[in-house]
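# Working through the structure, step by step
Each chain, letter by letter, is given below.
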Amino acid sequence: MNYFSLNHNAPRSTFKNAVIKGLAPDKGLYFPESITPLPKSFFENIDNLSYPEIAFEAIKQFVSPEIPEETLKTIVKETLSFDFPVVKLNDNISTLELFHGPTMAFKDVGARFMARCLGYFNQDNDKEVTVLVATSGDTGGAVANGFLGVKGVNVVILYPSGKVSDIQEKQLTTLGQNIKALEVNGTFDDCQAMVKTAFLDESLTSKMQLTSANSINVARWLPQLFYFMFAYKQLHNTHKDVVFSVPSGNFGNICAGMMAQQLGLPIKQFVAANNANNVVTRYLLSQLYEPKPSIQTISNAMDVGAPSNFIRIQEIYKNKFEILKENLSSYSFSDDETKEAMLEIFNNYNYVADPHGAVGYLGCKSYLKNNPSAHCVFLETAHPTKFLDVVEEVIKEKQPLPEQIQSVMGKTKEAYSISNYEDLKIFLLKS
Ligand SMILES: *Cc1c(COP(=O)(O)O)cnc(C)c1O
C-alpha cells in the first residue's frame, strides 16, 4: 500500500517509509491511497474467526507487500495476546473493555503493533531509530512497554513533572534497557512543543533518524480498527443498529473505527464523546473549526485542543460536511457530569468505569435519546485504577490493584530532568 500526505505536497510513500518517518516531509499526515472493502463473507463468517485472524485480514492491505504475510500473522498474534470483552450494561448500552493489555490502556495495541513493525523493518539496519514521544499519561507507558527490548530502536519519552499519576509515572520510568524517560519541568504542551521542534531541527535530524509513536504514525493508528471488529463479532447477533461512542482526544481511535466502517463493517454511527475540550462538538454545530488551547479535566487523556487526526476523518468522508454529519455525532460533558455518570454506572449496573469511559457512556445516553432502538457501545479506554483518586472519591469504595499495576509500583523510578529544548538536544545527541 502506498500512502499520500494530507498536505498534498510530498511524494507518495511506502508503508515502511511512513512508519519510519512518522510525518510526511511536508508535515502532513499519511493516508492510504486506497481502501478495498473486505468481502461480505468475512463479516458473515466472523463468528468462526479468532481475533488474530480478523486482525490479519483487516490490516493486510495496508502493510503489504512490505510485511510478508507470515510475519504479519506473527505480529498480530503477539500484539493481541489479551482479551477485548464486551460487557452488556442493559439492552441498549454495552462497553467494550480495551484495558486488558500490559499497561491497561487501549494504546497498548497500537504501540505493540508499531513496535513490531519497526523492529521488523530495522532488523538488518545498523542505523538506529529513535522514537521520540511526548505523553500526558497513557501513551508513555504503552510505548515504553510495547518497545521494550526492540532491537535497533531507542525510545525517549518526555512527560510533564508532577502532572501524570504515580502509576503512569512508574509505568514509563522503571523499565530501563532501550527506554529513557525525560521528566520535563513544564506542562504537556511544553513537552509536545519540544518534540515538534526536534522533528524540525535539521542539525538533529541529519545526525539521527527520529520518528513519532503517537497516532499520527500509521502503524499506531490503523491497528485500532481491530477493536470495532472484535466488538461486532460479540454483538452482531443482537440485531440492532450498532453505534460506537468513543471517548476522544486526538481522534485517532474513532478515526480507526471509521476505517473499519470503510472496510465494510456495518456501523450505523460514531459518537465522539468529548470532555470540555469540544472543538469537534462545536464544529458539527457551527461548521466552524476553531482549535483552542487545551483545558485540564479529570479525563485528562482527552485534554486536546487541536485533535491531530481530525484531518483524516475529513478525508474519509470526502471533505463533505453533509457526509460527515451523517456518520458522526458529538457531545461534550463537564467534569461534574462525568462524575455523576461514574456514580450512575456504579449504582445501576454495579460496574466501575474510569472517567474516560464515563464520558463515552454519556455519549451513548445522548445519542439514544433520539435513536432509542440502537445499540450503543462505549469504549472503556483505560482501567479505572489508572485514575484511582477520582474513581475512589466518586464511588467511595476502595479498588483492588490489578497485577499489571502492582508489578510496577515497587520499582525504582529512573528519569533525567530537563527544562528546555537545548537540554533535550544535548541528551539526544549524546545518547
Ligand atoms: C489516548 C486516550 C484517549 C483518547 O484517544 P484518541 O485516540 O487520542 O482520541 C481516551 N482515553 C484514554 C484512557 C486514552 O489514553
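All values reported here derive from a predicted model rather than from experimental measurement.

## Quick notes on the packing of helix H3 (residues 51-63) against helix H11 (residues 226-235)
With their axes 10 Å apart at the nearest point, H3 and H11 run at an angle of 130° to one another. Taken together, the axes of H3 and H11 are oblique relative to one another. Like other packed secondary-structure pairs, H3 and H11 cross with a definite hand, here right-handed. Residues Tyr51, Ile54, Ala55, Ala58 and Ile59 of H3 touch H11, and the partners they reach there are Phe226, Met229, Phe230, Lys233 and Gln234. By residue class, the composition of the contact of H3 with H11 is eight nonpolar, one polar and one charged.

## Structural notes on the layout of surface pockets
Of the pockets and cavities examined, the second largest pocket occupies roughly 180 Å³. In terms of lining, the second largest pocket is formed by Lys127, Glu128, Thr130, Asn154, Val156, Lys180, Met208, Gln209, Phe427, Leu428, Leu429 and Ser431. Of all the secondary structure elements, the ones that give two or more residues to the lining of the second largest pocket are strand E7 (153-160) and helix H20 (421-430). Among the elements that line the lining of the second largest pocket, the one with the most residues is H20, at three residues. For the lining of the second largest pocket, the per-class residue count stands at five nonpolar, four polar and three charged.

## With respect to the site of the ligand
Taken together, 15 residues are adjacent to the ligand, and Lys107, Gly249, Asn250, Phe251 and Thr381 come closest. Residue Lys107 places a side-chain N or O atom 2.5 Å away from an oxygen atom belonging to the ligand. Expressed as a share of its isolated accessible area of 380 Å², the protein-covered part of the ligand is 97%. Classifying every residue of the shell around the ligand gives six nonpolar, seven polar and two charged.

## Topic: the sheet that holds strand E1 (residues 2-5)
Taken together, three strands build an open sheet; the order of strands is E2-E1-E3 and the sheet is antiparallel. A single partner strand is all that each edge strand has here, and the edge strands are strand E2 (13-14) and strand E3 (30-32). One ladder, built from three bridges, connects E1 with E3; its direction is antiparallel. In the sheet register, Phe4 faces E3, and the bridge partner there is Phe31.

## Quick notes on helix H7 (residues 166-173)
Burial of H7 is extensive: six of the eight residues sit out of reach of the surface. Packed against the buried residues of H7 are helix H6 (138-147), E7, strand E8 (179-184) and helix H19 (403-409).

## Here's the deal with the packing of aromatic side chains
Applying the stated criterion across every chain yields a total of 24 aromatic pairs. Look at Phe31 and Trp221: their rings are 6.2 Å apart centre to centre, the planes differ by 35°, and that puts the pair in the tilted class. Of this pair, Phe31 sits in strand E3 while Trp221 sits in helix H10 (residues 218-221), placing them 190 residues apart in sequence. Using a relative accessible area of 4% as the deciding quantity, one classes Phe31 as buried. Its relative accessible area of 0% is what places Trp221 among the buried residues.

## Some points on helix H17 (residues 355-370)
Look at H17: 24 Å from first C-alpha to last across 16 residues, which is about the 22 Å you get at 1.5 Å a residue. Of all 16 residues making up H17, 13 are buried, and the element is well covered by its neighbours.

## What to know about the pairing of strand E11 (residues 269-274)
Counting buried positions over the six residues of E11 gives six, a clear majority of the element. What you see with E11 is no split at all: Gln269, Val271 and Ala273 on one side and Phe270, Ala272 and Asn274 on the other are buried throughout. Relative to E11, strand E10 (residues 242-247) runs parallel, the two sharing five bridges. Looking at E11, one finds that Val243 is bridged to Gln269. Between the parallel elements E10 and E11, the chain passes through helix H12 (residues 252-262) in a crossover that is right-handed. Looking at chain direction, E11 and strand E12 (residues 328-332) are connected through five bridges and run parallel. Bridge pairing in E12 places Asn274 opposite Ser332.

## A word on the state of the cysteines
If you walk through the whole model with that rule in mind, you get one disulfide. Two residues share a disulfide in this structure: Cys364 and Cys376, whose sulfurs sit 2.1 Å from each other. With the S-S dihedral at roughly -80°, the linkage between Cys364 and Cys376 falls on the left-handed side. With Cys364 in helix H17 and Cys376 in strand E13 (residues 375-380), the pair connects residues that are 12 residues apart, well separated along the chain. Each member of the pair, Cys364 together with Cys376, is buried.

## Quick word on the environment of Leu222
Position of Leu222 relative to the elements: it lies in the loop between H10 and H11. For the pair Leu222 and Ile67, spaced 155 residues apart in the sequence, the C-alpha separation amounts to 15 Å.

## Focus on the pairing of E1
Pairing of E1 with E2 involves two bridges; the strand directions are antiparallel. Within the sheet, the bridge partner assigned to Tyr3 lies in E2 and is Ser13.

## Here we look at the pattern of salt bridges
Tallied over the entire structure, the rule returns 13 salt bridges. A salt bridge links Glu290 to Arg282; the shortest N-O distance between them is 3.6 Å. Residue classification places Glu290 among the partly exposed residues on the basis of a relative accessible area of 40%. Lys365 is paired through a salt bridge with Glu344; the nearest N and O atoms lie 2.7 Å apart. Here Lys365, found in helix H17, pairs with Glu344, found in helix H16 (residues 335-349); they are 21 residues apart in sequence, far enough to count as distant. In this structure Glu344 comes out as partly exposed when scored by relative accessible area, which is 26%.

Basis of the calculations
- Residues numbered from 1 in each chain as written.
- Predicted model: local features only at pLDDT ≥ 70, side-chain atom pairs only at ≥ 80, totals over all residues.
- Heavy atoms only, no water.
- Axes fitted to C-alpha atoms, helices over the stretch in contact; angles between N-to-C directions.
- Helix = DSSP H or I, 4+ residues; strand = E, 2+ residues; numbered from the N terminus.
- Parallel < 35°, antiparallel > 145°, perpendicular 65-115°, else oblique.
- Left-handed = near helix turned anticlockwise from the far one by under 90°.
- Contact = heavy atoms within 4.5 Å.
- Nonpolar A, V, L, I, M, F, W, Y, C, P; charged D, E, K, R; others polar.
- 1 Å grid on protein atoms, 1.4 Å probe; cavity = no way out; pocket = protein on both sides within 12 Å on 5 of 7 lines; lining within 4 Å.
- Points joined across faces, edges and corners; volume = space filled by probe spheres on them.
- Near = heavy atom within 4 Å.
- Polar contact = N/O pair within 3.5 Å; in protein donor to acceptor, adjacent residues only side chain to side chain.
- Areas by Shrake-Rupley, 256 points an atom, 1.4 Å probe, with all protein chains shown as cover.
- Pairing = 2+ DSSP bridges.
- Buried < 20%, exposed > 50% of the residue type's maximum accessible area, 1.4 Å probe, protein only.
- Phe/Tyr/Trp six-rings, centres within 6.5 Å; stacked < 30°, edge-to-face > 60°.
- Expected span 1.5 Å × (residues − 1).
- Right-handed = clockwise from strand over helix to strand, strands pointing away.
- Disulfide = S-S within 2.5 Å.
- Salt bridge = Lys/Arg side-chain N within 4 Å of Asp/Glu carboxyl O.

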